[in-house]
Amino acid sequence: MKSLAVTALLILLVSAIEYIANGDQIFRGVLAGILFVGFVMSLGVFVFPAILKRMLLNKQPYENHIALRVGRIYPDVKDKLLNAIQVVANASKAKGTSPELAYSAFDTIKVAVDVKNFDAIIDRKSLKRSIIFFALSLFISGISFGVFQSSLGSSLNRVMNFTQSFLPPVPFRLTISPLNENVLRGEKARIIVKADGEA
């Protein structure tokens, strides 16, 4: 969500810069490059670490990860729960270990963590901040493109099609009169052309 929010704000910023500058093809190409690099960087900062973390978590037992997080939240538990889970998991595999002692150690730490609230390890604040940032950035971008649809929309179109030439409108207007005049061949006609603006 954060990656999409950053990209939406970056699109708005690039469109506003192009609207103000009304740049040439090279300038718009640079803006398109900034937009692309910004999108890739937002993926690198927000998406890829989460995917990598998820892949690494799948390689180790999930219970170990939860036990480690519980130990971080509760200082009296620390890594005792993780140690107890690992000892019980290896009690029958390792030579020279007593399964009874392993289960006894697990029961001891179990009594200590039974009263703990494991919901405390869930980071709800980060999720709320991400949702608020995502909604706010989409709202700002949506309102901006809705209100300034012709100007910002045209700017974004010019950035996305940066290889095309977009000439600014001419600073004058020609008015021709009369528009509908029936004239026979060979007759003289008077046509008036007026220029308004800077010529």
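See the structure shown above.
Now for a description of the structure that goes with this document. (Residues numbered from 1 in each chain as written. Predicted model: local features only at pLDDT ≥ 70, side-chain atom pairs only at ≥ 80, totals over all residues. Heavy atoms only, no water.)

Notes on the pattern of salt bridges
Phase 1 of the analysis: In this structure the tally under the stated criterion is four salt bridges.
Phase 2 of the analysis: Two residues, arginine 173 and aspartate 196, come together in a salt bridge whose shortest N-O distance is 3.3 Å. Here arginine 173, found in strand β1 (residues 172-177), pairs with aspartate 196, found in strand β2 (residues 192-197); they are 23 residues apart in sequence, far enough to count as distant.
Phase 3 of the analysis: Residue classification places aspartate 196 among the partly exposed residues on the basis of a relative accessible area of 35%. (Salt bridge = Lys/Arg side-chain N within 4 Å of Asp/Glu carboxyl O. Helix = DSSP H or I, 4+ residues; strand = E, 2+ residues; numbered from the N terminus. Buried < 20%, exposed > 50% of the residue type's maximum accessible area, 1.4 Å probe, protein only.)

As for the nonpolar core
Phase 1 of the analysis: Membership of the largest hydrophobic core is limited to 10 residues, which are Ala67, Val70, Tyr74, Val77, Leu81, Leu82, Ala84, Ile109, Val113 and Ile121.
Phase 2 of the analysis: Contributing elements (two or more residues each) for this core: α3 (62-73), α4 (80-89) and α5 (99-113).
Phase 3 of the analysis: Among the elements that take part in this core, α4 stands out by supplying three residues, more than any other.
Phase 4 of the analysis: When residues no more than four places from it in sequence are discounted, the contact partners of leucine 82 are Asn64, Ala67 and Leu68. (Core = buried A, V, L, I, M, F, W, Y, C linked by side-chain atoms within 4.5 Å. Contact = heavy atoms within 4.5 Å.)

A closer look at the side chain of arginine 28
Phase 1 of the analysis: Its place among the elements puts arginine 28 in helix α2 (residues 25-59).
Phase 2 of the analysis: One buried charged side chain, arginine 28, makes no salt bridge at all; its nearest oppositely charged neighbour is glutamate 18, positioned 4.5 Å away.
Phase 3 of the analysis: Separated by 3.2 Å, the side chain of arginine 28 and the backbone oxygen of arginine 158 make a polar contact.
Phase 4 of the analysis: Setting aside chain neighbours within four positions, we find arginine 28 in contact with Glu18, Gly23, Arg158, Val159, Phe162, Gln164, Ser165 and Phe166. (Lys, Arg positive; Asp, Glu negative; His and termini not counted. Polar contact = N/O pair within 3.5 Å; in protein donor to acceptor, adjacent residues only side chain to side chain.)

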